[in-house]
Amino acid sequence: MSKILDGRELKNIPWEDCPQGFTGPIWRYSQNPVIKRHPNSEISRSFNSAIVPYKGEFIGVFRGDNLDDIPHLYVGHSKDGINFQIEDKKISFVDEKGNPLPDTMYQYDPRVIEIEGEYYIVWCDELCGPTISIAKTKDFVKFVKFDNPFLPYNRNGVLFPKKINGKYYMLSRPSDSGHTAFGDIFLSESNDLTYWGRHKVVAQKGYEWWCALKIGAGPAPIETDEGWLVFIHGVNRTCNGYVYSIGALILDKDDISKVKYRCKNFLLTPETDYETNGFVPNVIFPTCALTDAPSGRIALYYGSADTYVGLAFTTIDRIVDYIKKNSR
C-alpha cells in the first residue's frame, strides 16, 4: 500500500468515485469542464491554472487569456474546488521593497505551492522572451515578486513543496524562443529562491512516441513512500499538429535528480470534446494536484484545449501501482 507522506488531511477534496468497470489509472470528472469560456468579464479563456486549499475552502491563481488574447494571472475562489469565481482584476505585483511593478508582456501557466505557511506562485513570464518568475503571498492580495531568478528561455517551473536538506528545488524545462528545440526536464537548487544553480537533467523527451517532442513537469511533486510522484505532460507531433498528454514518473526519495520509475504509457490523452476541440485542439496540460493523505485521494486539474479547465481523479495506490507495472 502506497502512502502520501505529507500527512495532511483534506476532507473536502473534490471527489467522484471511479466509474464501475473502469480499469485505467485516472478517471475524468463526469461534469467536466469545471471552468468554461468567459469565466469573468475580462477573460475569454481560462486554463492551465493552479488551486490550493485555503481557510477551509479553495483559492487559486488562474491563467486568463484576455479579450485581446494576452494572458495574465487572476485570483479565483471556490468553496468546493469545482465551482470557481475568478476576480475581474488581474494580479498586480510589487517588488521586495513594496514598490509596484509594471505589467510584463504576458504571464501564463502558473503553479501555486505552499511551503512553510507561504504560497509561492511560479509562472512563465516575459524577460526578452519566456522565462520563469516567482512571487510569494500569504493572503492572495499582496504578491511580492522576486527579481528575475531565471534567464530566458525557460518554462514549466515547478517548486518542490518543502525544503530538502535546507534547500529549495525546482523542476523546469529550458527551451528556445519558439515551440522548443530542447524539451527536457531539469532540476535546480537554491538557498533563497533568488539564486539558482547546480542544474541537472532529470528526464528527457523521446522516452515514448507520445512524449517524443518535449516533456514538462505539471503539479508540484507529491511525496510518497516510493519517492516523489511527478505528473508530467508529454508532446508529440502528428500530421494534424501537436498532441499533449499526461504522464508520470517517480523520483528517488534520496536523490531527487534520479528517476526511479517512469511510466511508458500516457495516463490521459485528448479524447473528449473539451480536450480535442478548442482554441488549441488536442491538449491536456496538468498543473495542479490536491491530495488527502489519510484516504490517498488525488484530484488532478488540467488545462483542456487551451480553453477550459478539466478535473480528474485517482488514488495513490492506483497510480503508483500503474507506474511501477508500466515502467520501462
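Structure's up top.
Source: prediction; values computed, not measured. (Residues numbered from 1 in each chain as written. Predicted model: local features only at pLDDT ≥ 70, side-chain atom pairs only at ≥ 80, totals over all residues. Heavy atoms only, no water.)

Trainee: Now, about the overall build of the protein chain: what can you tell me, with residues and values included?
Mentor: Scanning the protein chain from terminus to terminus reveals two helices and 22 strands. Taken over C-alpha atoms, the radius of gyration comes to 18 Å for the protein chain, in line with the 20 Å a tight globule of 328 residues would show. Projected onto its principal axes, the C-alpha coordinates of the protein chain cover approximately 55 × 45 × 40 Å. Across the 328 residues that make up the protein chain, the buried fraction comes to 58%. A separation threshold of at least 6 residues defines the contact pool for the protein chain, and within that pool the share at least 24 residues apart is 53%. Carbon and sulfur atoms make up 48% of the accessible area of the protein chain, which amounts to about 14100 Å² in all. Charge centroids of the protein chain, computed over 38 positive and 41 negative side chains, lie 4 Å from each other. (Helix = DSSP H or I, 4+ residues; strand = E, 2+ residues; numbered from the N terminus. Rg over C-alpha atoms; globule rule 2.2 N^0.38 Å. Buried < 20%, exposed > 50% of the residue type's maximum accessible area, 1.4 Å probe, protein only. Contact = heavy atoms within 4.5 Å. Areas by Shrake-Rupley, 256 points an atom, 1.4 Å probe, with all protein chains shown as cover. Lys, Arg positive; Asp, Glu negative; His and termini not counted. Charge placed at Lys NZ, Arg CZ, Asp CG, Glu CD.)

Trainee: How would you sum up the environment of E57? Please name residues and give values.
Mentor: Note on placement: E57 falls in strand β3 (residues 57-66). In this structure, the C-alpha to C-alpha distance between E57 and Y302, residues 245 residues apart in sequence, is 19 Å. E57 has contacts with N12, V52, S78 and K79, leaving out every residue within four places of it along the chain.

Trainee: Lay out the environment of D125 in plain terms, naming residues and giving numbers.
Mentor: Within the secondary structure, D125 sits in strand β8 (residues 118-126). Taking the C-alpha atoms as reference points, D125 and Y106, 19 residues apart in sequence, are found 6.1 Å from one another. Leaving out residues up to four positions away in the same chain, D125 has contacts with T104, Y106, Q107, P130, T131, S133 and K145. Reaching out from D125, the side chain makes a polar contact with the side chain of T104 at a distance of 2.5 Å. (Polar contact = N/O pair within 3.5 Å; in protein donor to acceptor, adjacent residues only side chain to side chain.)

Trainee: Lay out the pattern of salt bridges with the relevant residues and their values.
Mentor: One side chain can pair with another of opposite charge once the charged atoms of both are near each other. In the structure shown here, the tally under the stated rule is 18 salt bridges. Residues E57 and K79 are paired through a salt bridge, measuring 3.1 Å at the closest nitrogen-oxygen approach. Remark: K79 occurs in the loop between β4 (71-78) and β5 (84-86) and E57 occurs in strand β3; sequence separation between them is 22 residues. Exposure remark for E57: the relative accessible area of 32% places this residue in the partly exposed category. The closest approach of N and O atoms between E208 and R328, which form a salt bridge, is 3.2 Å. Here R328 lies in the segment after α2 (316-325) and E208 lies in the loop between β14 (196-203) and β15 (214-217), a separation of 120 residues in the sequence. (Salt bridge = Lys/Arg side-chain N within 4 Å of Asp/Glu carboxyl O.)

Trainee: Mind laying out the packing of aromatic side chains, listing which residues take part and the relevant values?
Mentor: According to the stated counting rule, one finds 14 aromatic pairs in the structure shown. Taking the centre distance of 5.6 Å and the plane angle of 40 degrees together, the rings of Y106 and Y108 count as tilted. Y106 gets classed as buried once you look at its relative accessible area, which sits at 16%. On the accessibility criterion, Y108 (14% relative accessible area) is buried. Linked through ring pairs, Y54, F93, Y119, W123, F140 and F143 together constitute an aromatic cluster. Over the ring of F279 we find R45; its NZ or CZ atom is 3.6 Å from the centre of that ring. Its guanidinium or amino end placed over the ring of Y207, R328 lies 4.3 Å from that ring's centre, counting from NZ or CZ. (Phe/Tyr/Trp six-rings, centres within 6.5 Å; stacked < 30°, edge-to-face > 60°. Lys NZ or Arg CZ within 6 Å of the ring centre and 35° of its normal.)

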